[in-house]
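Here is what each chain is made of, one letter per residue.
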Amino acid sequence: TPHRSVLTVACEQTEVLLFDPISSKHIKTLSEAHEDCVNNIRFLDNRLFATCSDDTTIALWDLRKLNTKVCTLHGHTSWVKNIEYDTNTRLLVTSGFDGNVIIWDTNRCTEDGCPHKKFFHTRFLMRMRLTPDCSKMLISTSSGYLLILHDLDLNKSLEVGSYPILRARRTTTSSDITSSGSSGPRAVGSPCHQNDSSLLSEKHMSRSSQREGGSPRNSLEVLTPEVPGERDRGNCITSLQLHPKGWATLLRCSSNTDDQEWTCVYEFQEGAPVRPVSPRCSLRLTHCIEEANVGRGYIKELCFSPDGRMISSPHGFGIRLLGFDAHCSELVDCLPKEASPLKEIRSLYSHNDVVLTTKFSPTHCQIASGCLSGRVSLYQPKF
């Protein structure tokens, strides 16, 4: 919960577990929270939370009355993997392996569910996140693409061709930026619709919907993030997180051959294209580190600390605490000219199986981790 009074755990079967993170005591088990694996949990406030499942549904729960669901939401046609929440509009945003991003109006919930609409669709969708200010939506795919919807408007459904496409390019390092002027960036087709993105860009960017000095609402950028060692073999973006201040995005990538894993940090490069049809590259690789290639095929969910100074990353049978430098400085205070290694601050090992997820407490110096065999560990690291 935002005030840290309850730790909730999504389980591979049908259960949701609740713990008191201060005493480490087990509070309650929701033994049949769903009819299949529970994948993600998101608190909407200090009492209301949502769960999503491979049974294709989302459930809303109230901590004050856990014997029954508030309601069940039906709309996805495949496994639901991700839940986001816009606190300004009180809109719930979910994504699943059906490729759909669906918006749910929690202002008008009843026992029968919530009004909803399909907001966006893309093939090979893995994860979806909103930036802290909800101005952007990021979507990662198993084919190695990262999609960014800029100047986000969740009230507008996006159908094929209804949004401007900014020409896609690979994310750059500093040396790439200085040398790309002569030959130009490499353009790639959108994985959503397999269209020529440059033609679509010229067609849609000229519309009156473009606002002065910036891109139009919901303009789409398609990127293939640079990953060390993966220039030729391609990669799958399995985990996607956002810096708590919206400065950067954190990716966990695995090679298509599944023999390498990387954690990468990309700084947001703000600002609109110089010309409406000029290529845009919003992200720059700043830090990266190779991970232990353990538990192949399983997704490892990593996270930022609440202040954004550290990263907690599943690493084999434990977790590593990583910093941008050895002093856990702010990202903006130690931006390198070229991509630099993340610094290992501390390693914590207490599991006897592969760690799949880790999370910082929002208010205290505490970290939780969960492994494949079902063990949950709580740490209070001392430095």
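Here the structure is a predicted model, which means the values were calculated and not measured.

The rules behind the values
Each chain has its residues counted from 1, following the order in which its sequence is written. For this predicted model, a pLDDT threshold of at least 70 governs which residues receive local features, and a threshold of 80 or more governs which side-chain atom pairs are given and counted, while totals over whole chains, interfaces and linings are taken from all residues. Computation of side-chain values: all heavy atoms of the structure, hydrogens and water removed. Helix and strand assignments come from DSSP, with helices taken as H or I runs of at least 4 residues and strands as E runs of at least 2, each series counted from the N terminus. Relative accessibility decides the category of a residue: with a 1.4 Å probe and only protein chains considered, values under 20% of the type maximum give buried, values over 50% give exposed, and everything between is partly exposed. Nonpolar cores were defined as sets of buried Ala, Val, Leu, Ile, Met, Phe, Trp, Tyr and Cys residues, with membership established by side-chain atoms within 4.5 Å. Only rings of Phe, Tyr and Trp enter the pairing, Trp through its six-membered ring, and a pair is recorded when the two centres are within 6.5 Å. The plane angle decides the type: under 30 degrees is stacked, over 60 is edge-to-face, the rest tilted.

## As for unusual backbone geometry
Within the chain, T56 stands out as a residue other than glycine whose phi angle is a positive 75°. Position of T56 among the secondary structure elements: in the loop between β5 (48-53) and β6 (57-62). With a phi close to 60°, N218 is a non-glycine residue in the positive phi region. Structurally, N218 can be placed in the loop between α2 (197-205) and β16 (219-224). Residue N218 is classed as buried on the basis of its relative accessible area, which comes to 0%.

## Section: the nonpolar core
Core analysis: the largest hydrophobic core is formed by 19 residues, its most contacted members being V93, V101, F119, F120, M137, I139 and L154. For this core, the elements supplying multiple residues, two or more each, are β9 (91-96), β10 (100-105), β11 (116-121), β12 (125-130), β13 (137-141), β14 (146-150) and β16. At three residues, the largest contribution of residues to this core is made by β12. Membership of the second largest hydrophobic core comes to 18 residues, among which are L138, L242, Y266 and L283.

## Description of the packing of aromatic side chains
Per the stated rule, a full pass over the model turns up three aromatic pairs. Ring centres 5.1 Å apart and planes at 40° place the aromatic pair F43 and F49 in the tilted group. Residue class for F43 comes out buried when judged on its relative accessible area of 15%. A ring pair is formed by W79 and F97, whose centres lie 6.0 Å apart and whose planes are at 35°; its orientation type is tilted. Here W79 is found in the loop between β7 (71-74) and β8 (80-86), whereas its partner F97 is found in the loop between β9 and β10, with 18 residues between them in sequence. The class of W79 is partly exposed, set by a relative accessible area of 41%. Overall, F97 belongs to the partly exposed group, its relative accessible area being 35%. Linked through ring pairs, F43, F49 and W61 together constitute an aromatic cluster.

Any link to function would need more than the numbers given here.
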